[in-house]
Number of protein chains: 2
Amino acid sequence: MNKRAKIKDIALKAGVSPTTVSRALSGTGLVAEPTLSHIRAIAETLHYRPNISARNLRTQKTMSILVVVRDIGNPFYLDIFKGAESIAHDAGYSLLMANTEDDPKREADYFNMLSDGRADGMILMTGKMPLDCDLPHDISQKVVVALEMIDNVDLTHVVIDNEYASIEAIDHLVSLGHQKIAYIAGPIPEGMSVRRLAGFRHAMMADGLKLPEAYIQQGNFSYQSGERAADRLLDLPDPPTAIYTANDEMAFGAIRAAKKRGLSVPEDLSIFGFDDTYLAEAFVPALTTVRQPCLEIGRRAMTRLLAHLSGDNPDTDSIVVPTEIVIRETTAPPPQKTYHPSS
Amino acid sequence: MNKRAKIKDIALKAGVSPTTVSRALSGTGLVAEPTLSHIRAIAETLHYRPNISARNLRTQKTMSILVVVRDIGNPFYLDIFKGAESIAHDAGYSLLMANTEDDPKREADYFNMLSDGRADGMILMTGKMPLDCDLPHDISQKVVVALEMIDNVDLTHVVIDNEYASIEAIDHLVSLGHQKIAYIAGPIPEGMSVRRLAGFRHAMMADGLKLPEAYIQQGNFSYQSGERAADRLLDLPDPPTAIYTANDEMAFGAIRAAKKRGLSVPEDLSIFGFDDTYLAEAFVPALTTVRQPCLEIGRRAMTRLLAHLSGDNPDTDSIVVPTEIVIRETTAPPPQKTYHPSS
DNA sequence: ATGAAAGCGCTAACAT
DNA sequence: ATGTTAGCGCTTTCAT
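The numbers attached to residues start from 1 for each chain and follow its sequence in the written order. Going through the entries in the order they are written, you letter the chains from A and number the ligands from 1. Residues qualify for local features only when their pLDDT is at least 70, as the model is predicted, and side-chain atom pairs are given and counted only at 80 or more; totals for whole chains, interfaces and linings, by contrast, use all residues. Water and hydrogen atoms play no part in the side-chain values, which are based on all heavy atoms of the structure.

J.: Teacher, can you tell me more about the relation of the copies chain A and chain B here?
T.: Two chain copies, one operation linking them: a rotation about an axis together with a shift along it. For the pair chain A and chain B, the relating rotation is 180°, the translation along its axis is 0.0 Å, and the fit reaches an RMSD of 0.2 Å. Seen this way, the second copy is the image of the first under a two-fold rotation axis. Of every C-alpha in chain A, the one belonging to L96 of chain A sits nearest the axis of rotation, 2.3 Å from it. The share of interface residues of chain A whose copies in chain B are also at the interface is 100%, consistent with both copies meeting through the same surface. The copies were overlaid with a least-squares fit restricted to C-alpha atoms from residues scoring a pLDDT of at least 70 in each copy. The contact criterion used throughout is that any non-hydrogen atoms of two residues lie within 4.5 Å.

J.: Where do I start with the protein's contact with DNA strand D in this structure?
T.: Proximity is defined per residue: if any heavy atom of the residue lies within 4 Å of a molecule or strand, that residue is considered near it. What surrounds DNA strand D is a group of 22 residues, the closest being T19 and T20 of chain A together with I7, Y48 and R58 of chain B. Within 4 Å of the protein, the atoms of DNA strand D are drawn from sugar and phosphate moieties in a proportion of 58%. Nitrogen and oxygen atoms within 3.5 Å of one another constitute a polar contact, given that in protein one can donate a hydrogen and the other can accept it, and given that sequence-neighbouring residues count only through two side-chain atoms. T19 of chain A is positioned such that a nitrogen or oxygen atom in its side chain is 2.7 Å from a base oxygen of DNA strand D. The backbone of I7 of chain B places a nitrogen or oxygen atom 2.7 Å from a phosphate oxygen of DNA strand D. By the criteria applied, helices consist of DSSP H or I runs no shorter than four residues and strands consist of E runs no shorter than two, each listed in order from the N terminus. Elements supplying a minimum of two residues to the surface near DNA strand D: α2 (18–25) and α4 (52–59) of chain A together with α2 (18–25) and α4 (52–59) of chain B. Amino acids outside the nonpolar list (Ala, Val, Leu, Ile, Met, Phe, Trp, Tyr, Cys, Pro) and the charged list (Asp, Glu, Lys, Arg) are all regarded as polar, and Gly is one of them. The residue makeup of the surface near DNA strand D, split by class, is 9 nonpolar, 8 polar and 5 charged.

J.: Sorry, what's going on with the packing of helix α9 (residues 223–234) of chain B against helix α10 (residues 248–260) of chain B here?
T.: Packed helices, taken two at a time, are described by the angle their axes make and the gap between the axes. All names here are of chain B. Whenever a helix is involved, its axis is fitted only over the stretch in contact; in every case the axis is a line through C-alpha atoms, and angles between N-to-C directions fall within 0 to 180 degrees. The interhelical angle for the contact between α9 and α10, taken along N-to-C directions, is 50°, at an axis separation of 7 Å. One way to sum up the angle between α9 and α10 is to call them oblique. Where α9 crosses over α10, the handedness of that crossing is right-handed. In this structure, α9 uses Y223, S225, G226, E227, A230, D231 and L234 to contact α10, whose residues at the interface are E249, M250, G253, A254, R256, A257, A258 and K260. Of the residues belonging to the contact of α9 with α10, the class tally is 7 nonpolar, 3 polar and 5 charged. Angle categories: roughly parallel below 35 degrees, roughly antiparallel above 145, roughly perpendicular from 65 to 115, and oblique for all the rest. The crossing is said to be left-handed when, going from far helix to near helix, the turn is anticlockwise and less than a right angle, and right-handed when the turn is clockwise.

J.: Explanation requested: the interface of chain A and chain B in the structure shown.
T.: Reports often express the size of an interface as the amount of accessible area lost when the parts come together. Counting from both sides, the interface comprises 57 residues of chain A and, opposite them, 57 residues of chain B. Between chain A and chain B, a total of about 5,300 Å² is buried, with carbon and sulfur atoms accounting for 56% of that surface. The term buried area denotes the loss of accessible surface (1.4 Å probe radius) that occurs when two parts are joined, taken as the sum for both partners. On the chain A side of the interface with chain B, the three residues burying the most area are M97, Y278 and V284 of chain A, jointly 13% of the side's total. Here, a salt bridge means any side-chain nitrogen of Lys or Arg that lies within 4 Å of a carboxyl oxygen of Asp or Glu. Taken together, the links from chain A to chain B amount to 8 salt bridges. For E85 of chain A, the salt bridge goes to R106 of chain B, with nearest N and O atoms at 3.2 Å. Linking chain A to chain B there are 20 residue pairs in polar contact (both at pLDDT 80 or more). Of all the secondary structure elements, the ones that give two or more residues to the side of chain A that touches chain B are α4, α5 (78–90), β2 (94–99), α6 (104–115), α9 (223–234) and α10 (248–260) of chain A. Top element by residues in the side of chain A that touches chain B is α6 of chain A. It accounts for 6 residues.

J.: How should I be thinking about the sheet that holds strand β8 (residues 242–245) of chain B in this particular structure?
T.: Pairing between sheet strands relies on hydrogen bonds along the backbone, with the strands arranged either parallel or antiparallel. Residues and elements named next belong to chain B. Strands were regarded as paired on the criterion that DSSP finds at least two bridges between them. What the 6 strands build is an open sheet, ordered β7-β6-β8-β9-β10-β12; its pairing is mixed. This sheet does not close on itself; its edge strands, each paired only once, are β7 (216–218) and β12 (324–326). Each strand of the sheet is rotated relative to its neighbour by a mean of 20°, with strand direction disregarded. Here 3 bridges tie strand β10 (residues 288–291) to β12, and the two strands are oriented antiparallel to one another. Across the sheet, the residue bridging to V290 is I325, located in β12. Contacts from helix α8 (residues 191–206) reach β6 (181–185), β7, β8 and β9 (270–275), with the element oriented near 170° to β6.

J.: Would you mind showing me how to read the protein's contact with DNA strand C here?
T.: Within the structure, DNA strand C sits among 22 residues, and I7, Y48 and R58 of chain A together with S17 and T20 of chain B are positioned closest to it. Those atoms of DNA strand C that come within 4 Å of the protein belong to sugar or phosphate at a rate of 58%. With respect to DNA strand C, the backbone of S17 of chain B contributes an N or O atom lying 2.7 Å from a phosphate oxygen. Within the contact set of DNA strand C, a phosphate oxygen lies 2.8 Å away from a side-chain nitrogen or oxygen of T35 of chain B. Elements with a minimum of two residues in the surface near DNA strand C: α2 and α4 of chain A together with α2 and α4 of chain B.

In structure tokens:
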């Protein structure tokens, strides 16, 4: 094996200048036909492959995009990755995994990578801007925010309408006859949790339902916290007949809490999740939930980012992708009034 | 905002040569003390950050690693990513997501990226080598195979002992009193599926149990296929009292099949999964399963790869990481039979 | 301990 | 349509 061929070698062998070779190979359409195919043939013979670092240095691009999340171990991001990856790959871009673990140093690191030209753009899903780092001056054309909103920044956001989603969910429960509906919220004051809670309050009010404060319990998105929150709810003197949760995992926890005390889901207690994660469908009983179109979020975010990078669309207006409720097996009309749960 | 400072600017301001600046900043220890801190101070003032493309071009490195999977949407990889990322990040490397979708073209693409110097190394989890591409001559120092084995290649493998894992699982079921144990396999002839099936057969034989061929059903790792396979098993004239599955999702499907026909898990039927995926624990009932130490697999694979890249350890001997069985709520002694006395 | 000079491989301005 | 020239910003001999 010799060393790799470079443009110069091809030029020499083809009897043209390196420039012509470069032009021929990158398909600028500025090279006449006989030369073109001649060059291509030689490149083929020599197994030519461009040196990417050299190109990157010259063009000031890297053809890679940072995808920044809090926890790379969270399955929720998977479809977003997948959607973003498919768009990026088609455009010749690669995805760089960026995992902040909520560590401010890491958050800053990844922004520095952007400034350093180690990546051309970023899809930011941590819900926060970093401290202590140089933001690129053209940040609005390099960063798209997805999933979690960040207030007061002029960046494109790709998000769902958390409030509307809650209204749809509650409306469905109400249409089944539920009046005593409780909510298990995510950690406050995180933006997403706050908005979903607001949506719930809003929906309950719009439907004219009573909402005792004890009907709002807080979890941290883990199934364990959902189980504990549901325990508190079911211990209430006047427990709810339906529980709406801020994510699917807490819904799974709530199902566990119900089963533990001999309650059937959905006969004795309805459960409504949020996210339509992987396995919501496989769960027994299959979870009724709000579907977030994660593939779509990933695609839209990447599409907009690429438009920014190519200068095709500098707008930073937000993109709201629609959610839909998916009715499965964990919701049903409330039980008839009895003192004891029926078997 | 001015344009970014470069080494030359610092050199000018510090009254030294670019060479000295480079040496000072990369900590080679070849610069005397007064100069050193002087240079550092100026770099700080100018917010100097090195141009990575230039460095890459010069050093022929990129400090990034390809992580190649069949389907980036599969949650199973998450902890492997996480483990690999933590090691890589500490060493200053970034991870490039590579998603093959089982497309030979993509598989080749990612190897080409390696050859092209777009990435320094690769962790390969697709279980196959690509066709139609130039493999780097020093491939054994650039590629580590994880999770799925590839036969006849001289590359480091980081894998679990699928056979031993099956033996442990079956032994547990046997110790509970089960004799009629069926298996839902993954797609044959994929390496992983073949090995787990072999392990199951081996274990059944070792325990002296009868194994009718109908007790081995095949799925494709989806929960739906698990449900269908379990249906076939439970329709048998002499159905099993325990089902062992090649992954957790198919186990969830089997639980669904059982519930559908009014069978309780684990009272009427025991289910034993494989992987200990996310949610195995949250499932109701919580799934008894074989835990694959994915974080560890990711860490070990990356550690070895970095050792290869730095030349510290050129060995390609395989690394076998231990599994363990996790007993939760889906396994119990088989139901009593009036005419079959048991423990 | 520091500097001068060369060059990694590519592409883009500016000719012709 | 093709060539000439220059240079992206860094690191690394090789000299002093």
